[in-house]
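Each chain is listed here by its residues.
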Amino acid sequence: GCINDRPLPSGRPTYSSQIACCRGAYAGQTSGTCLSQLPSAPTMSPTETGGLDVYYPDYGTAWAEAGCINTRPFPGGRPTYSSQIACCKGAYGGQVSGTCLSQLPSAPTMSPTETGGLDVYYADYATSWAVAGCINTRPFPGGRPTYSS
């Protein structure tokens with residue numbers, strides 16, 4: 001391996017760092033001994049960070065309360081899905097609690113918010129009577145007569 005002891009031996013190349021020495025003097029070393037002596041030694045199979053590219057069911061949680069995860073390390077022996085929603089549909093399709101779907105970044109709700117105007121019109125009581133009219137904006141306040149046009 002590479003050392004940094006004094007006095008420096010004469011006639012040998014010197015390097016600016018231990019890794020530069022390993023790369024220069026031991027570039028073809030198949031054992032990896034020189035690199036293994038570095039303070040933060042690289043490995044042949046580095047640990048990846050962040051989530052996996054696939055999702056899998058969380059079998060460690062009760063089915064009614066579980067969802068799909070992509071955490072490392074993958075435990076093996078489980079189906080994998082290309083997306084979190086595909087996993088929820090495949091592994092928790094009949095889940096009444098909706099826990100899996102509720103964990104999605106843009107989770108659907110049991111009562112989705114509709115967009116656009118209502119199919120009926122009602123009196124705009126929030127505006128002065130002299131300038132008010134009928135509107136069809138959401139949400140409908142209730143307790144008012146409605147009109148088709």
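Quick note: structure is the one above.
*Asks:* Describe the overall build of the protein, with residues and values.
*Replies:* In terms of regular secondary structure, the protein is built from 4 helices and 5 strands. Sequence-ordered secondary structure for the protein, helices as α and strands as β, is α-α-β-β-α-α-β-β-β. Burial status across the protein gives 19% buried among its 149 residues. With an accessible surface of roughly 11000 Å², the protein has 54% of that area assigned to carbon and sulfur atoms.

*Asks:* Account for the sheet that holds strand β4 (residues 134-135), naming residues and giving values.
*Replies:* Spatially, the 3 strands line up as an open sheet ordered β4-β3-β5, and their pairing is antiparallel. For this open sheet the edge positions go to β4 and β5 (146-147), each flanked by a neighbour on one side alone. The sheet contact formed by strand β3 (residues 121-123) and β4 spans 2 bridges and is antiparallel. Its bridge partner lying in β4, A123 is registered against C134.

*Asks:* Residue-level account of helix α3 (residues 84-91), with values.
*Replies:* Among all positions in α3, only Q84, C87, C88 and A91 are buried. Buried residues of α3, viewed axially, fall in a sector of 100°; they line one side. Contacts from the buried residues of α3 go to β1 (56-57), β2 (68-69) and α4 (99-102).

*Asks:* Any chance you could break down the nonpolar core for me, citing the residues and the numbers?
*Replies:* One finds Y55, A66, C68, Y81, C87, C88, A91, Y92 and C100 forming the largest nonpolar core, which totals 9 residues. The leading source of residues in this core is α3, at 3 residues. For Y55, the contacting residues outside a window of four places in its chain are C68, I69, N70, P79, T80, Y81, S83, Q84 and C87.

*Asks:* Give a detailed account of the side chain of Q95, specifying residues and quantitative values.
*Replies:* Relative to the assigned elements, Q95 resides in the loop between α3 and α4. What makes Q95 buried here is its relative accessible area of 9%. A polar atom in the side chain of Q95 sits 3.3 Å from the backbone nitrogen of T99. Every residue in contact with Q95, bar those within four places of it in the chain, is listed here: W63, A64, E65, A66 and C100.

*Asks:* Summarise the state of the cysteines; cite the residues concerned and give the values.
*Replies:* Taken as a whole and judged by the stated rule, the model has 4 disulfides. Covalently, C2 is tied to C21 through a disulfide, its sulfur atoms 1.9 Å apart. Across the S-S bond linking C2 and C21, the dihedral sits near -85°, which makes this disulfide left-handed. Of this pair, C2 sits in the segment before α1 (18-25) while C21 sits in helix α1, placing them 19 residues apart in sequence. For C21, a relative accessible area of 12% puts it in the buried group. Disulfide partner of C22: C34, at an S-S distance of 2.0 Å. Because the sign of the S-S torsion sets the handedness, a value of about -80° for the bond joining C22 and C34 places this disulfide among the left-handed ones. Highlighted residues: C22 in helix α1 and C34 in helix α2 (residues 33-36), separated in sequence by 12 residues. For C34, a relative accessible area of 1% puts it in the buried group.

What counts and how
- Residues numbered from 1 in each chain as written.
- Predicted model: local features only at pLDDT ≥ 70, side-chain atom pairs only at ≥ 80, totals over all residues.
- Heavy atoms only, no water.
- Helix = DSSP H or I, 4+ residues; strand = E, 2+ residues; numbered from the N terminus.
- Buried < 20%, exposed > 50% of the residue type's maximum accessible area, 1.4 Å probe, protein only.
- Areas by Shrake-Rupley, 256 points an atom, 1.4 Å probe, with all protein chains shown as cover.
- Pairing = 2+ DSSP bridges.
- Arc of directions from axis to C-beta.
- Contact = heavy atoms within 4.5 Å.
- Core = buried A, V, L, I, M, F, W, Y, C linked by side-chain atoms within 4.5 Å.
- Polar contact = N/O pair within 3.5 Å; in protein donor to acceptor, adjacent residues only side chain to side chain.
- Disulfide = S-S within 2.5 Å.

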